[in-house]
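Descriptive structure summary
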Amino acid sequence: MKTILIFDSGVGGLSVYQEIYRQMPQHQYIYAFDDAAFPYGELEEPVLIERVLHIVTSLSNQHAVDLVVIACNTASTIVLPHLRASLTQPVVGVVPAIKPAAQMSQTKVVGVLATPATVKRQYTQSLIAEFAADCEVHLLGATRLVEMAEMKLRGHRVDLNEMSEIVNPWLSTQIDTVVLGCTHFPLLKQEISQVFPQAKFLIDSGSAIASRVQALLGTELDIEATELEQGGIKNLTYHTSDKSDHQALNDSLRAMQLSNVNCLHYPRS
């Protein structure tokens, strides 16, 4: 059994956790999210780097973590070099799934749904230039969808009318493939399909990340060991703010084989 730490600014990284856990349920998982400083797209880079380094290194040392996944596009583009310089464990980041989306699209018209920060980042433009040069690519930044995903896991209903308004600029396009360029958005995949049914494919990075984690750990699924161990493995959840009511979120976490949230008491200064 290995211990895997998955980190995000909010609950979006749970979409990545679910895919990794689906492929490798025999390991222990630590899920940590920095809700005291959420959303990361609004943080200055030095603050973001300091917070991620503090939280990830502290938990890695406390739990003897074998591998770290940064399940946040914003943090991945900024913090990975700093983390890799500070940790001896492998660190895996997320990249918007532009390459597979461009390959899958039949109309060669692709939508990239992400946060405004990811949409504006030169890194995203470089991915498009490298992997989707033969496609017409439409970028849409939507912070509100991040908030909707957060609220959904806390027991609130998703407003489909509001979501329809968000994707309205795409209705006149021939988009048939949408890149879910924020780890929060796979949590809304069903709702996005409802309000934007012309998209035949909704592509996220979860499966690719899980495959990368499995390759780095070098482990295959041992069914007998998994059956023996699952009852004894305790997967833990940490957050940084002590102000939120997490009762409904805890229900969602337990359904995903994670513990109730434990507070790290690391407020935003």
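Please refer to the structure placed before this passage.
In what follows, the accompanying structure is described.

Conventions we followed
- Residues numbered from 1 in each chain as written.
- Predicted model: local features only at pLDDT ≥ 70, side-chain atom pairs only at ≥ 80, totals over all residues.
- Heavy atoms only, no water.
- Pairing = 2+ DSSP bridges.
- Helix = DSSP H or I, 4+ residues; strand = E, 2+ residues; numbered from the N terminus.
- Axes fitted to C-alpha atoms, helices over the stretch in contact; angles between N-to-C directions.
- Salt bridge = Lys/Arg side-chain N within 4 Å of Asp/Glu carboxyl O.
- Buried < 20%, exposed > 50% of the residue type's maximum accessible area, 1.4 Å probe, protein only.
- Parallel < 35°, antiparallel > 145°, perpendicular 65-115°, else oblique.
- Left-handed = near helix turned anticlockwise from the far one by under 90°.
- Contact = heavy atoms within 4.5 Å.
- Nonpolar A, V, L, I, M, F, W, Y, C, P; charged D, E, K, R; others polar.

Strand order in the open sheet formed by 4 strands is β6-β5-β7-β8, with parallel pairing between adjacent strands. Where the open sheet ends on each side, the last strands, each with one partner, are β6 (136–141) and β8 (201–203). Taking each pair of neighbouring strands and ignoring which way they run, the sheet shows an average axis angle of 20°. Both strand β7 (residues 177–180) and β8 contribute to a ladder of 3 bridges, which runs parallel. Note on β8: the bridge partner recorded for Val 179 is Ile 203.

This part takes up the pattern of salt bridges. Think of it this way: side chains of opposite charge can pair up when their charged atoms draw near. Taken as a whole and assessed by the stated rule, the structure comprises 9 salt bridges. Ionic pairing is found between Glu 19 and Arg 22, a salt bridge with its closest N-O pair at 2.5 Å. Taken together, the residues span about one helical turn, with Glu 19 and Arg 22 both in helix α1 (residues 14–23) at a distance of 3 residues. For Glu 19, a relative accessible area of 17% corresponds to the buried category.

The next subject is the packing of helix α2 (residues 45–63) against helix α3 (residues 73–86). Remark: α2 packs on α3, axes separated minimally by 10 Å, with the N-to-C direction vectors making an angle of 55°. If you check the angle between α2 and α3, you find them oblique. Between α2 and α3 lies a crossing of right-handed hand. Facing Glu 45, Leu 48, Ile 49, Val 52, Leu 53, Val 56 and Thr 57 of α2, the residues of α3 in contact are Thr 74, Ala 75, Ile 78, Val 79, His 82, Leu 83 and Ser 86. Class assignment for the residues of the contact of α2 with α3 results in 9 nonpolar, 4 polar and 1 charged.

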